[in-house]
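Here's the letter readout for the chains.
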Amino acid sequence: MLELSLSDFTEKLSSKAAVPGGGGASALVGALGAALASMVGNLTVGKPKYAAVEEDVKALMLRAKAAEKKLLSLIEEDARAFEPLSRAYGIPKDDPAREGIMEKALYDASQPPLEMMRVCAEVTDVLSEMLNKGSVLAVSDVGVGAALAAAAMKGASLNVFINTGLMKNAATAEALNAEADALLDKYVPLADGIAIETARRVRK
């Protein structure tokens, strides 16, 4: 899927094909947010005005690039995780093996979007630092990156919850939901705050 052009990816996304879907779209949006963090870093490094924070910015760029690569890889992971679940839905409801197979498939399908949320949290942390260390000429890109990270996290959470909502094992579902909720509660307000502060700085 990573070899597709943007137009081909969106064409597949709009089709009846099961993948890519909301999970893959969320991962892509998060990767774009991470890439913007790297862009801000590249516009900062080497400028005498930012010499005092250059090493910090370089470290942030490494974190952003790692997050970008991971989120892109999660597009594929999300698609692969959906295949067994798609097959499980086709098992006759009177098959005694169906429930166990479904439960495992639901759990496995919840893991890529939950990982997307974790990585988007890292992207948000990077952007939070980049807001005050990156070039002021690129501050709007920090805000856009934060808005994308928040959107990706919220989108990925829906792909967690649609799977946990069908699980029979309540304890497992609650544990997954609790982690997703904790990430949403901490990082969506942080990302929103970055975007709001960005707007405050750039608006006249």
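Okay, so let's go over this structure.

Thresholds applied
Residues numbered from 1 in each chain as written. Predicted model: local features only at pLDDT ≥ 70, side-chain atom pairs only at ≥ 80, totals over all residues. Heavy atoms only, no water. Helix = DSSP H or I, 4+ residues; strand = E, 2+ residues; numbered from the N terminus. Areas by Shrake-Rupley, 256 points an atom, 1.4 Å probe, with all protein chains shown as cover. Lys, Arg positive; Asp, Glu negative; His and termini not counted. Charge placed at Lys NZ, Arg CZ, Asp CG, Glu CD. Buried < 20%, exposed > 50% of the residue type's maximum accessible area, 1.4 Å probe, protein only. Contact = heavy atoms within 4.5 Å. Core = buried A, V, L, I, M, F, W, Y, C linked by side-chain atoms within 4.5 Å. Salt bridge = Lys/Arg side-chain N within 4 Å of Asp/Glu carboxyl O. Expected span 1.5 Å × (residues − 1). Bend = angle between axes of the 7 residues up to and from the residue. Axes fitted to C-alpha atoms, helices over the stretch in contact; angles between N-to-C directions. Parallel < 35°, antiparallel > 145°, perpendicular 65-115°, else oblique. Left-handed = near helix turned anticlockwise from the far one by under 90°. Nonpolar A, V, L, I, M, F, W, Y, C, P; charged D, E, K, R; others polar.

All right, on to the overall build of the chain then. When helices and strands are counted, the chain shows 6 helices and 0 strands. For the chain, the α and β elements follow one another from N to C terminus as α-α-α-α-α-α. Referenced to the eigenvectors of the C-alpha coordinate spread, the extents of the chain come out at roughly 70 × 35 × 30 Å. Accessible surface, the chain as shown: approximately 10500 Å² in total, 59% of it carbon and sulfur. Between the mean site of the 23 positive side-chain charges and the mean site of the 27 negative ones, the chain shows a separation of 6 Å.

What follows is about the environment of M153. The residue M153 is located in helix α5 (residues 139-164) in this model. Taking relative accessible area as the criterion, M153 reaches 2% and is therefore assigned buried. Along the primary structure M153 and L183 are separated by 30 residues, whereas in three dimensions their C-alpha atoms are 8.3 Å apart. Apart from residues lying up to four places away in sequence, M153 is in contact with M117, C120, A121, L183, L184, Y187 and V188.

A few words now on the nonpolar core. In terms of nonpolar packing, the biggest core is built from 52 residues, with L71, M117 and M153 touching the most fellow members. Contributions of two or more residues to this core are made by α2 (22-42), α3 (54-89), α4 (98-133), α5 and α6 (170-202). Setting aside residues up to four positions removed in sequence, L71 forms contacts with A27, G30, A31, M116, V119, C120 and V123.

It is worth spelling out the pattern of salt bridges at this point. Under the defined criterion, the tally for this structure stands at 13 salt bridges. Put simply, K133 and D56 hold a salt bridge, and the shortest N to O gap is 3.2 Å. Residue K133 is found in helix α4, and its partner D56 is found in helix α3; the two are separated by 77 residues along the sequence. Residue class for K133 comes out partly exposed when judged on its relative accessible area of 21%.

What follows concerns the side chain of S157. When you line up the elements, S157 lands in helix α5. In this view, S157 contacts M117 and L184; residues no more than four positions away in its chain are not counted.

On to the environment of D125. Note on placement: D125 falls in helix α4. Once you skip the residues sitting within four places of it in the chain, D125 turns out to touch R63, Y187 and L190.

With that settled, the discussion passes to unusual backbone geometry. Going from V19 to P20, the amide bond is cis rather than trans, its omega being 0 degrees. Topologically, P20 is positioned in the loop between α1 (6-14) and α2.

So, about α4. Counting along an α-helix, one turn takes 3.6 residues, and residues three or four places apart therefore face a common direction. The end-to-end C-alpha separation of α4 is 53 Å, in line with the 52 Å expected for 36 residues at 1.5 Å each. Along α4, the sharpest kink reaches roughly 25 degrees, centred on Q111 and followed within four residues by the proline P112.

Let's shift gears to the packing of α3 against α4. For the pair α3 and α4, the least separation of the axes is 9 Å and the interaxial angle reads 165 degrees. The angle between α3 and α4 falls in the class roughly antiparallel. The crossing of α3 and α4 is left-handed. Tallied by class, the residues present in the contact of α3 with α4 amount to 25 nonpolar, no polar and 12 charged.

What follows deals with the environment of G90. Relative to the elements of secondary structure, G90 occurs in the loop between α3 and α4. You can call G90 exposed: its relative accessible area is 60%.

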